[in-house]
Amino acid sequence: MLSLKLPRLLSINQVPKGYREQGILFGYRPPRSSAADCLLSVFQMTNETLNIWTHFVPAWYFVWTLVGRLRGPGGREDPHTWPLLAYLLTCCIYPLASSCAHTFSTMSTRARHICYFFDYAALSMYSLGSALAYSAYIFPAEWVNSTFHHCYVPIAVFNTVISTSLSCYSAKTFLEVERPRLSKASRTLAFVYPYLFDSVPLFYRFYRCAAQSCTEAAILVHYKHTLFAFLTCFIFASHLPERLAPGHFDYIGHSHQVFHVCGIVGTHFQMEAVMLDMAERRGRLLPTPPLPSSLQTLGSMGVCVAMSLAVIGLCSVSLRFMPEPLQR
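Residues numbered from 1 in each chain as written. Predicted model: local features only at pLDDT ≥ 70, side-chain atom pairs only at ≥ 80, totals over all residues. Heavy atoms only, no water.

- Taking an unreviewed UniProt entry as the reference, the chain is identified by name as MPRGB protein belonging to Nyctibius grandis.
- Heading Sequence similarities (unreviewed entry) of the UniProt record for the chain holds this comment: "Belongs to the ADIPOR family."
- The UniProt entry for the chain carries the following comment under Subcellular location (unreviewed entry): "Membrane". (UniProt positions renumbered as here; feature names shortened; annotations may be inferred.)

Below, the structure written as structure tokens:
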């Protein structure tokens, strides 16, 4: 290991345009790195190192939580916990996919796109996992078994497929290089819209609590999750602080690292709030939806996985017709 040579880092003018990040001037890995070089760079201080670790470490916390639920009372035998388990699974997948994408994204331009295709698909699956949990545990009592409640998960499945398609398409086309702002706006919309739709029952509960001064324990935790969700979106779109001081936050403190941390903290609060709502709904014997079937949970997840893989496959095939940019 001591004889292994760490990859040489480059400046922004030494990498192709598609690899450049706004406000990040130094610490770039060579665009045509080998898989071994990518793995070695995980232990080297680059502008991607903290992007990798800020999602890799929390992913195992969510895995630990999922395993604890599987081994706990009820576990897989209790159908009422299936939406929670599906949600926790997506909480494990999206940071692992992100960590892998940041690790291997410099192997080639095509590998970079494919890595982030899986990253986008995992984020879309996380939005579906949230919808499954919200449908089972978060819905206001007066909305349970309404028409909107019955349509909620099918619409969330549709949103997941659209989100994956839009984000992958905007990333693979000329938009990313020729019109980066439009590409970034398209990807932001692809994830903001499913979040806003998923949160409709939660926003109604916020409104009801503000009007009636409710004392539900989970509401305060939901407030924290929502605050971090909006902060995550703002940081992702604004490129702060590196946009104000280019070159000063190349390795530590740039927006993508803060975006990762805020997203993980928000997911933690969301998970805690979902578990509180689940326990409170059972404890107070509030009206609950019919026990979720395997078709609604595993079936919804399976449909989205199949459709997302199809989208990734189509977009990956189209990359064969894209020229590989030359490295300076």
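1. Here's the deal with the packing of aromatic side chains
Phase 1: Overall, the coordinates contain 22 aromatic pairs when judged by the stated rule.
Phase 2: Aromatic pair Tyr-94 and Tyr-126: ring centres 4.7 Å apart, planes at 40°, arrangement tilted. One end of the pair, Tyr-94, is in helix α3 (residues 82-104); the other, Tyr-126, is in helix α4 (residues 109-138), and 32 residues separate them in sequence.
Phase 3: Note on Phe-203 and Phe-206: the rings are 6.4 Å apart at their centroids and 40° apart in plane angle, and the pair reads as tilted. A residue pair is termed a helical-turn pair when its members lie 3 or 4 positions apart in one helix, as Phe-203 and Phe-206 do in helix α8 (residues 200-212) at three residues. (Phe/Tyr/Trp six-rings, centres within 6.5 Å; stacked < 30°, edge-to-face > 60°. Helix = DSSP H or I, 4+ residues; strand = E, 2+ residues; numbered from the N terminus.)

2. What to know about the environment of Glu-280
Phase 1: Within the element layout of this structure, Glu-280 appears in helix α10 (residues 255-283).
Phase 2: In sequence terms Glu-280 and Ala-217 are 63 residues apart; their C-alpha atoms lie 8.6 Å from each other.

3. Concerning the UniProt feature "transmembrane region" (unreviewed entry) in the chain
Phase 1: The feature "transmembrane region" (unreviewed entry), as given by UniProt, occupies residues 84-104, 116-139, 151-169, 219-237 and 298-319 in the numbering adopted here.
Phase 2: For residues 151-169, the end-to-end C-alpha separation is 27 Å, with 100% helix and 0% strand making up the annotated structure.
Phase 3: Taken end to end, residues 219-237 comprises 100% helix and 0% strand; its first and last C-alpha atoms sit 27 Å apart.

4. Topic: helix α9 (residues 217-238)
Phase 1: The terminal C-alpha atoms of α9 lie 33 Å apart, and with 22 residues this matches the ideal 32 Å at 1.5 Å per residue to within 8%.
Phase 2: Of all the residues in α9, the buried ones are Ala-218, Ile-219, Val-221, His-222, His-225, Thr-226, Thr-232, Ile-235 and Ser-238.
Phase 3: Just past α9, the residue His-239 takes up positive phi, approximately 60°. (Expected span 1.5 Å × (residues − 1). Buried < 20%, exposed > 50% of the residue type's maximum accessible area, 1.4 Å probe, protein only.)

5. Side note on the environment of Tyr-61
Phase 1: Mapped onto the secondary structure, Tyr-61 falls in helix α2 (residues 49-71).
Phase 2: Counting along the chain gives 207 residues from Tyr-61 to His-268, while the straight-line C-alpha distance between them is 9.7 Å.
Phase 3: For Tyr-61, the residues in contact, after removing those within four places along its chain, are His-268, Met-271 and Glu-272. (Contact = heavy atoms within 4.5 Å.)

6. Examining the packing of α8 against α9
Phase 1: Packing of α8 against α9 brings their axes to within 11 Å, and their N-to-C directions diverge by 125°. Relative to α9, the element α8 is oriented oblique. Classified by chirality, the crossing of α9 by α8 is left-handed. From α8, Leu-202, Phe-203, Arg-205, Phe-206 and Cys-209 reach across to α9, where they touch Ile-219, His-222, Tyr-223, Thr-226 and Phe-230.
Phase 2: Among the residues making up the contact of α8 with α9, the classes are represented as seven nonpolar, two polar and one charged. (Axes fitted to C-alpha atoms, helices over the stretch in contact; angles between N-to-C directions. Parallel < 35°, antiparallel > 145°, perpendicular 65-115°, else oblique. Left-handed = near helix turned anticlockwise from the far one by under 90°. Nonpolar A, V, L, I, M, F, W, Y, C, P; charged D, E, K, R; others polar.)

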